[in-house]
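One letter stands for each residue in the lines below.
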Amino acid sequence: MDSNTTSFEYFQIIAFLDTKEHNIFVFLIFFCIYTSGLLGNLFIISAVIIDVHLRIPMYIFLCNLSMVDLIFISSTIPTLMNILLSGNFLISYTQCFSQLYFFMFAAGTEDILLSLMAYDRYVAICKPLHYHLIMNKKKYVLFILGTWICGSINSLFMTVSIYRLDLCRSNKIQHFFCDIKALEKISCNNASFHIILYVETILLAFCTFLLSVTSYVKIIRSILVIKSTNGRRKAFSTCMSHLTVLIIFYGTGLCMYMNPPSEHLEVQDVVFSVLYTAVTPMLNPLIYSLRNKEVKRAFRRIVDRKRLNLGSF
């Protein structure tokens, strides 16, 4: 690594540097977002573990999605809240790249997981008679293990790639966390990294997105063939929650990473980054809880069980 790269012992997070007088207010906003996301995702995980009715591939994938979302919000928001509360906008070199690794790990794993969830809905709706044969326990366990392993390897590769760049222009990160796009902006001689980032985007983001789109095109075709209006509504309701999550995740992700680098888009980048890294993981459990009848029933069963246990004392 170039000597210039190691000259920065600390990076300065400057996304909210100009709003120091409102730091407490901004802190409270992120505290509410983080707490809501934490509790919501912990509820989904607990419901799937406790309730036997939810131990099917669809909800096991959902449980893993909530685990990934916990990593998503925990990799960035606590550090930001500490910065806002302390007024110290410095983050060490090690902390920065650790944060980048876990963020990239969560983003890559969620990409793959969402496409697998779309495939699961495709099999359930388009091939219902063969569902338990196709999505048997051995297969979905391998899918889940493969997802976490691929996410980890991809994140390690991308983190090492950006780590090896010559970060010589500045130690100021115009973002609220150590994002790969923000780090690339302060690097020199990054032509080879552009190619790596392009290939990674094609292989991970675009391919998984294409798999999700293909699954939903086939799902919609199958639903339209159903003659009964009630049957069509019932079939579509089983995948509506996941489709909503998919649109929000890829919509905010595209807005965050497809914008060309520009000083005039810095505020816009931060806004989309907040939506992508904090608001989306917070909304996912709410969307599944509000729109999914089985999750609602599981919640009622857990509450009733707690009441019975308390009543027995």
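Here, every reference points to the structure presented above.
Residues numbered from 1 in each chain as written. Predicted model: local features only at pLDDT ≥ 70, side-chain atom pairs only at ≥ 80, totals over all residues. Heavy atoms only, no water.

Caption draft 1: View of the pattern of salt bridges. The full count for this structure, using the stated rule, is 1 salt bridge. For D120, the salt bridge identified is with R121, shortest N-O distance 2.9 Å. Under the relative-accessibility criterion, R121 is labelled buried at 8%. (Salt bridge = Lys/Arg side-chain N within 4 Å of Asp/Glu carboxyl O. Buried < 20%, exposed > 50% of the residue type's maximum accessible area, 1.4 Å probe, protein only.)

Caption draft 2: Layout of the nonpolar core. Judged by nonpolar contacts, the single largest core of 89 residues is most densely connected at F11, F16, F30, I173 and L183. Tallying contributions element by element places helix 3 (residues 93-126) first for this core, with 17 residues. Beyond its immediate chain neighbours, meaning those up to four positions away, I173 contacts F11, Q12, I13, I14, A15, C96, C178, A182, L183 and I186. (Core = buried A, V, L, I, M, F, W, Y, C linked by side-chain atoms within 4.5 Å. Helix = DSSP H or I, 4+ residues; strand = E, 2+ residues; numbered from the N terminus. Contact = heavy atoms within 4.5 Å.)

Caption draft 3: Spotlight on the packing of aromatic side chains. Under the counting rule described, the total for this entry stands at 20 aromatic pairs. With centroids separated by 5.4 Å and ring planes inclined at 20°, the aromatic side chains of F11 and Y93 adopt a geometry described as stacked. Remark: Y93 occurs in helix 3 and F11 occurs in strand 1 (residues 10-13); sequence separation between them is 82 residues. Look at F72 and F249: their rings are 6.5 Å apart centre to centre, the planes differ by 70°, and that puts the pair in the edge-to-face class. Remark: F249 occurs in helix 8 (residues 229-257) and F72 occurs in helix 2 (residues 57-86); sequence separation between them is 177 residues. (Phe/Tyr/Trp six-rings, centres within 6.5 Å; stacked < 30°, edge-to-face > 60°.)

Caption draft 4: Highlighting the state of the cysteines. According to the stated counting rule, one finds 1 disulfide in the structure shown. Across the disulfide from C96 sits C178; the S-S distance is 2.0 Å. Across the S-S bond of C96 and C178 the torsion is about -125°, and the bridge reads as left-handed. In this pair, C96 sits in helix 3 while C178 sits in the loop between strand 3 (172-173) and helix 6 (180-185), placing the two residues 82 residues apart along the sequence. Residue classification places C96 among the buried positions, given a relative accessible area of 0%. (Disulfide = S-S within 2.5 Å.)

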